[in-house]
Amino acid sequence: MKAVLFHQHGGPEVLEYADFPTPEPKPGEALVRLRAAALNRMDVMVRNGWAGLKLEMPHINGADGAGEIVAINLPHPFTPLPVGEGTGVREGDHVLINPNLGCGHCEYCLAGKDNMCNEWHLLGETIRGTYAEYIALPVKQLYKLPDDFDFHQAAASALVYQTAWHSLVKRGNLQKGETVLVVGAGGGVNTASVQIAKLMGAQVVVIGSDAKKLEMAESIGADILIDRSKEENWSKSVFLATNKHGADVVVDNVGTTFMQSLRALKKGGRLLTVGNSGGPKFEIDNRYIFAKHLSIIGSTMSTMEDFREVMDLIVAGKLKPIMDKTFPLKDAALAQERLWKNENFGKITLDTE
Ligand SMILES: [Zn+2]
């Protein structure tokens, strides 16, 4: 098969469009002919590498993908498919991949919390991913799509929507009528958070620095926009924009903005975080946390159940990923550059046809 792979970490130049052996599905796995892959910033971070990251080279990027099942290797012809997500998928089905890989047998997986798995993997991070024509994965990782559902929209949804859904709805317990502040107008998790918060009946405030991205945030439902390039002290703007109440919930995946976010919260508010695009280490003033009764709630990816729940909403058209641009698979390096330079609004996908 053709794949985009790299033999060593580095810039976009290390990516090669090359031949690679088509994977063989192990017992319990399906072979998927990928039709679309979607990019995430994590792809570039993995390509660049970090201290302690050990990969089997060559590595293939990509957490997100959708395609068609071309073969299933069942452990035994009379063994039923694993209970859960993959139940009932068969050859020829169109499927979306859940990149959150739980082992299926540790205490967390058995409790349905496979995103807390003791042997947790994220597809494309430590295991070869979706920048390829084929991939073999456990059947339980596959969500059956309607035959007419767009592969690119599906691929663009899996990682960001499950992350935002689990954080806002399950961990954050978002309620109708609450005010949600989203720090950052671009980015897949942020735009998914805006849509999910609106669907849940919340009021949404978005902070951004790019006028065009703020406009787009408004077009997907954001109620109040604050331009951070004009308003450095935006926690005050949030306070004023919410009738001096502050936000019930802040979605902050920047990290270095935590102090402003803590100030923007009303008493008893929740700060939700699933990442740190501004870097992993920063200072916060603890007095805000106890004096205002604040909670800081972290999570990553989602459970199988949450994944199914939110993908059902995607398929029903109730949540819709914003699509930026599609590149041919061989141009994955150009696609990553566009993402890394923040030139996109919405998801960038690869055509793996
Ligand atoms: Zn596990």
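This one's a predicted model, so the numbers in the text were calculated from it and none came from an experiment.

Draft legend 1. The arrangement of the pairing of strand β14 (residues 247-251) in detail. Counting buried residues along β14, 5 of its 5 residues qualify, which places the element largely inside the surrounding structure. Pairing of strand β11 (residues 179-183) with β14, which is carried by 3 bridges, proceeds in the parallel orientation. When the bridges of β14 are listed, L181 appears paired with V250. By the bridge criterion, 4 bridges tie β14 to strand β15 (residues 265-273) in an arrangement that is parallel. Residue pairing for β15: V251 is matched across the bridge by L272. One crossover worth recording links β14 to the parallel β15 by way of helix α7 (residues 258-264), and it is right-handed.

Draft legend 2. A look at the packing of helix α3 (residues 151-171) against helix α9 (residues 304-315). Where α3 contacts α9, the two axes come as close as 9 Å, and the packing angle between them is 115 degrees. Overall, the two elements α3 and α9 adopt an arrangement that is roughly perpendicular. Crossing hand, α3 versus α9: right-handed. Contacts between α3 and α9 involve S157, A158, Y161, Q162, W165, H166 and K170 from the first element and D306, F307, E309, V310, M311, L313 and I314 from the second. Looking at the contact of α3 with α9, its residues break down into 8 nonpolar, 3 polar and 3 charged.

Draft legend 3. Region of interest: the environment of D43. Among the secondary structure elements, D43 is positioned in helix α1 (residues 41-48). Residues D43 and G62 lie 19 residues apart in sequence; the distance between their C-alpha atoms is 6.0 Å. Not counting chain neighbours up to four residues away, the residues in contact with D43 comprise A38, N61, G62, A63, Y131 and Q336. In this structure the side chain of D43 is engaged in a polar contact, spanning 2.6 Å, whose partner is the side chain of Y131.

Draft legend 4. Representation of the sheet that holds strand β4 (residues 59-60). Strands sit in the order β2-β1-β4 across an open sheet of 3 strands; the sheet is antiparallel. Strand pairing shows two members of the sheet lacking a second neighbour, β2 (16-19) and β4, which therefore form its edges.

Draft legend 5. Spotlight on unusual backbone geometry. Look at the link from M57 to P58: it is a cis peptide, with omega at -5 degrees. Among the secondary structure elements, P58 is positioned in the loop between α1 and β4.

Draft legend 6. Region of interest: the coordination of the zinc ion. Coordination sphere of the zinc ion, protein contribution only: C103 (SG), C106 (SG), C109 (SG) and C117 (SG), at 2.3 to 2.4 Å. Angles of 103 to 116 degrees at the metal separate the 4 donor atoms of the zinc ion, which places the site in the tetrahedral class. Overall, C103 belongs to the partly exposed group, its relative accessible area being 21%. Residue C106 is classed as buried on the basis of its relative accessible area of 9%.

Draft legend 7. Region of the structure containing the packing of aromatic side chains. Scanning the model with the defined rule gives 2 aromatic pairs in all. Measuring from centroid to centroid gives 6.2 Å for Y143 and F307, while their planes differ by 85 degrees, and the two rings are edge-to-face. On the criterion of sequence distance, the pair formed by Y143 in strand β10 (residues 142-144) and F307 in helix α9 is long-range, its members being 164 residues apart. Residue classification places Y143 among the buried positions, given a relative accessible area of 8%. A cation over a ring is seen here: R33 above Y134, with NZ or CZ 5.3 Å from the ring centre. It is R41 that lies over the ring of W340; its NZ or CZ is 4.4 Å from the centre.

Draft legend 8. Representation of the layout of surface pockets. Roughly 1,300 Å³ of internal volume is contained in the largest pocket. Taken together, 43 residues form the lining of the largest pocket, with R41, V189, N253, G275 and S277 sitting closest to its centre. Secondary structure elements with two or more residues in the lining of the largest pocket: α1, α3, α4 (188-199), β12 (203-208), α10 (332-340) and β18 (347-351). Looking at the lining of the largest pocket residue by residue, the classes come out as 18 nonpolar, 19 polar and 6 charged. If you trace the second largest pocket, you find 28 residues lining it, with K26, E29, I127, R128 and A136 closest to the centre. Those elements that place two or more of their residues in the lining of the second largest pocket are β4 and β9 (134-138).

Draft legend 9. Region of the structure containing the pattern of salt bridges. Under the definition given, this model contains 15 salt bridges. Between D223 and K198 there is a salt bridge; the shortest N-O distance is 2.9 Å. A residue pair is termed long-range when its members are at least 10 positions apart, and D223 in the loop between α5 (211-219) and β13 (224-227) and K198 in helix α4 qualify at 25 residues. Across the pair D248 and K266 runs a salt bridge whose closest N-O atoms are separated by 3.1 Å. In this pair, D248 is assigned in strand β14 and K266 in strand β15, connecting sequence segments 18 residues apart. Under the relative-accessibility criterion, D248 is labelled buried at 12%.

What counts, and where the lines are drawn
- Counting restarts for each chain: residues are numbered from 1 in the order of the written sequence.
- For a predicted model such as this one, the threshold for reporting local features is a pLDDT of at least 70, and the threshold for listing and counting side-chain atom pairs is 80 or more; totals across whole chains, interfaces and linings nevertheless cover every residue.
- As a rule here, side-chain values cover all heavy atoms of the structure and leave hydrogens and water aside.
- Exposed residues in this analysis have more than 50% of their type's maximum accessible area, buried residues have under 20%, and partly exposed residues fall in between, with area computed by a 1.4 Å probe over protein chains only.
- The secondary structure listing takes helices from DSSP runs of H or I that are at least 4 residues long and strands from runs of E that are at least 2 residues long, numbered from the N terminus.
- When DSSP locates at least two bridges between a pair of strands, those strands are taken to pair.
- A crossover gets the label right-handed when its path from the first strand over the helix to the second runs clockwise, viewed with the strands pointing away from the viewer.
- Axis lines are fitted to C-alpha atoms, over the contacting stretch for helices. Their N-to-C directions set the angle, which ranges from 0 to 180 degrees.
- Here is the rule for angles: anything less than 35 degrees is roughly parallel, anything more than 145 is roughly antiparallel, 65 through 115 is roughly perpendicular, and the remaining ranges are oblique.
- In a left-handed crossing the near helix is turned counterclockwise from the far helix by less than a right angle, and in a right-handed crossing that turn is clockwise.
- We call two residues in contact when some of their heavy atoms are within 4.5 Å.
- All residues other than Ala, Val, Leu, Ile, Met, Phe, Trp, Tyr, Cys, Pro, Asp, Glu, Lys and Arg, Gly among them, are scored as polar; the first ten of these are nonpolar and the last four charged.
- N or O atoms within 3.5 Å of each other form a polar contact, as long as, within protein, one can give a hydrogen and the other can take it, and as long as residues adjacent in sequence are counted only when both atoms are side-chain atoms.
- Each metal's donors comprise the N, O and S atoms found within 2.8 Å of it (within 3.2 Å for Na, K or Ca). Water is not part of the atom list, so some coordination spheres may appear incomplete.
- Square planar and octahedral sites, with four and six donors, are those where opposite donors lie more than 155 degrees apart and all other angles lie between 65 and 115, tetrahedral sites have four donors with every angle between 85 and 135 degrees, and the rest are irregular.
- Any two rings among Phe, Tyr and Trp, with Trp reduced to its six-membered ring, count as a pair given centres within 6.5 Å; such a pair is stacked if its planes are under 30 degrees apart, edge-to-face if over 60, and tilted if neither.
- Only when the NZ of Lys or the CZ of Arg is both within 6 Å of the ring centre and within 35 degrees of the ring normal is a charge said to sit over the ring.
- Put plainly, a pocket is an open set of points on a 1 Å grid over the protein atoms alone with protein on both sides within 12 Å along at least five of seven lines, a cavity is a set where a 1.4 Å probe fits but cannot get out, and a lining residue has an atom within 4 Å of a point.
- Grid points are joined across faces, edges and corners, and a volume is the space filled by probe spheres set on the points.
- A pairing counts as a salt bridge when a side-chain nitrogen of Lys or Arg comes within 4 Å of a carboxyl oxygen of Asp or Glu.

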